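Chain and residue survey
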Amino acid sequence: MGTTFDTSVIDAALTELGAGEKSWAQTPLPRRRALLAELHTRIGRYAADWVAAARTIKQLPADSPLLGEEWMSGPLAVLQATDALQQTLAVLEAGYSPLDGLALSAAPGERLAVPILPFGGYDRLLLNGFRGEVWLRPGIDAATARRDAGLAQRDPATTAGIGAVLGAGNITSIPPLDVLTELFAHNRVVALKLNPITDPLLPVFEQVFAPFLELGALRIVTGGADAGEYLVHHPAVSHVHMTGSARTHDAVVFGGGAGGAARKQAKDPLLDKPITSELGGVSPAIVVPGEWSDADLRYQAEHIATQRLHNGGYNCVATQVVVLDARWAQKDRFLAELRDALDRAPGRPAYYPGSDARVAEAVAAYPAAERRGPDRGRLLLESATGPALRTEYFAPVLGVVELPYEGGEFLHRAVEFANHELAGTLGANVIVHPRTRRRLGLAFAHAIERLHYGTVAVNAWTALAFLAPRATWGAFPGHTLDDVQSGIGVVHNALLLADVERTVVSGPFRPAPRALLAGEFALAPTPPWFVDNHTATETARKLTEFYAAPNPRLLTGIFASALRG
């Protein structure tokens, strides 16, 4: 295999996990819940160190408002997950289903919807105007859903071996959240291999996960692709989970080069164990035409700019294609606002490896691409066709597609376009004026049903589902190893739901107070994840402190900072 690392480190880690699996099997639900509480406390204690390490990785100044992204998509996301999992375990301890007491409802197509946002009083205050639900697969009834919720924690003594997790390099909460999914949804002890980009986080992760490391339920290793290859093919590993690109997935499953391509063609995987994956793709933002105010045009342009530029564009669910009605009377004004939003968003280093090469690839494919932004490093591709629809650029590249249809027919055609012309099924966004949505009625609900994506967001960004701990996160079900698209399986899922199909989230079309003035009941101001939110770091830090140790007295400071943003 030609390794350039010490294989004995991984061998030792897996040997220790073999013993740790026995300890995990003997750990009852009350102790597991206590471990989560310890983890929660330690995340709060080391949150500032976590963000400092992320700042080093992302090459951001200490006073950058973009550090708000690192608070929210780092320690805050994992704090919420640990709290939600504790609540689920407490319900299971008491002998109930995690769905008992929840108002399950019907979703289109004989589906069952499980409410996941807001979940509790603080959600109603801090995320007022945002909603979310998980849709189960067609035909699953309420009795079955309640019976099966809890997954592996319904029988915690029955473990499932060692899971190898290949950690993501872009969002710092992904590796810890994947570890929690393996431990609690699947009852596997975990060997986490960090992406080399995130090695500065190793000391932080060792501190926050100390209780699980001491128990032997987790080991964290480092190294490059050769270390990852050795780990996933090790006979002690029973399952693999990875986050990355479809190309990396295929290299893991089938091997690289011509031999790997031949094995993929023959559907003959080199990997001899199950693998789940969360991969990227070409995510759309479908803009349904309507009559918008100037403020609406500006806000939604900033919304889409955020969907592309958050974390520098290095997100698996970043919007890459904006789908517009070619005949929309306000199309040109919207595009002008979008250009301005791309220009105004703060500059930042292209920290993720290969970014410049991927941007150059897009320039070669689209010589007429507009260069936007403070350093002219952001690309806007008008009339995007070809590679922009099938290639995940994982860089600040945004395409525009115009479809020559109007009204309800536009929405129907846009859904068909997203389902059949764009690579991947991780997330799709739909932006629609409330008045237009009411006018479309059932046609709009049917369009959401027909969008075959793991997360669908209406007047929100699909990343909201990533941050909501009880949401499920992953591709639309049905992909295979040889046509993996955006992956197989789901993560997060703190309610431990079985038979999930997708998550659907929604938000206010306008921020407060403008939403209230327009008759839309929503108290949420411009979200702190917007890239041009000037108080994002302060707001996100205060939110993290609150979720680490909830205290109603902290809410005033959070609201004051959020409103200034």
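Being a predicted model, the structure only gives us computed values, none of them experimental. (Residues numbered from 1 in each chain as written. Predicted model: local features only at pLDDT ≥ 70, side-chain atom pairs only at ≥ 80, totals over all residues. Heavy atoms only, no water.)

Considerations on the nonpolar core
- Residues Phe212, Ile286 and Leu451 are the most contacted members of the largest nonpolar core, which totals 162 residues.
- A total of twelve residues in this core trace back to one element, the largest contributor, which is helix H3 (residues 67-93).
- Three or more residues apiece are contributed to this core by two domains, here domain 1 (7-98 + 150-244) and domain 2 (284-461).
- Beyond its immediate stretch of four places on either side in the chain, Phe212 contacts Trp24, Leu35, Leu36, Leu39, Leu183, Phe184, Ala217 and Leu218.
- In terms of nonpolar packing, the next biggest core, distinct from the first, is built from 23 residues, Leu297, Ala301, Leu324 and Phe334 among them. (Core = buried A, V, L, I, M, F, W, Y, C linked by side-chain atoms within 4.5 Å. Buried < 20%, exposed > 50% of the residue type's maximum accessible area, 1.4 Å probe, protein only. Helix = DSSP H or I, 4+ residues; strand = E, 2+ residues; numbered from the N terminus. Domains from an automatic or database assignment. Contact = heavy atoms within 4.5 Å.)

Structural notes on helix H6 (residues 174-185)
- Taking 1.5 Å of rise per residue, twelve residues should cover 16 Å, and H6 covers 15 Å from first to last C-alpha, within 8% of that figure.
- Counting buried positions along H6 yields twelve of twelve residues, so the element is predominantly enclosed.
- For H6, the complete set of buried residues consists of Ile174, Pro175, Pro176, Leu177, Asp178, Val179, Leu180, Thr181, Glu182, Leu183, Phe184 and Ala185.
- Of the residues flanking the end of H6, it is Asn187, one or two places downstream, whose phi is positive at about 60 degrees. (Expected span 1.5 Å × (residues − 1).)

Overview of a nonpolar patch on the surface
- Where nonpolar side chains cluster on the molecular surface, the patch consists of Tyr122, Leu125, Phe559 and Leu563 and spans about 370 Å² of accessible area.
- Of all the secondary-structure elements, those providing two or more residues to the nonpolar patch are helix H4 (121-126) and helix H22 (555-564).
- Take Leu563: it is sitting in helix H22. (Patch = residues over 30% accessible without salt bridge, like charges linked within 9 Å, V, L, I, M, F, W, Y side chains within 5 Å. Areas by Shrake-Rupley, 256 points an atom, 1.4 Å probe, with all protein chains shown as cover. Salt bridge = Lys/Arg side-chain N within 4 Å of Asp/Glu carboxyl O.)

Observations concerning the UniProt feature "domain: Aldehyde dehydrogenase" (unreviewed entry) in the protein chain
- Within this numbering scheme, the UniProt entry marks residues 213-343 as carrying the feature "domain: Aldehyde dehydrogenase" (unreviewed entry).
- For residues 213-343, the end-to-end C-alpha separation is 45 Å, with 44% helix and 21% strand making up the annotated structure. (UniProt positions renumbered as here; feature names shortened; annotations may be inferred.)

Some words on the environment of Val484
- Residue position: Val484 is located in the loop between strand E16 (472-474) and strand E17 (487-488).
- Overall, Val484 belongs to the buried group, its relative accessible area being 4%.
- Val484 sits 229 residues away from Gly255 along the chain, and the two C-alpha atoms are 15 Å apart.
- Setting aside chain neighbours within four positions, we find Val484 in contact with Ala246, His249, Asp250, Ser277, Leu279 and His479.

Considering the packing of aromatic side chains
- Inspection of every chain in the model, using the stated rule, returns 20 aromatic pairs.
- With a centroid separation of 6.1 Å and an interplanar angle of 70 degrees, the aromatic rings of Phe209 and Phe212 are classed as edge-to-face.
- Residue Phe209 is classed as buried on the basis of its relative accessible area, which comes to 2%.
- Residue Phe212 is classed as buried on the basis of its relative accessible area of 0%.
- Each ring, one from Trp328 and one from Phe334, has its centre 5.8 Å from the other, and the planes form 45 degrees; the classification is tilted.
- For Trp328, a relative accessible area of 7% gives the class buried.
- Taken together, the aromatic side chains of Trp24, Phe184, Phe209 and Phe212 make up a single cluster linked through ring pairs. (Phe/Tyr/Trp six-rings, centres within 6.5 Å; stacked < 30°, edge-to-face > 60°.)

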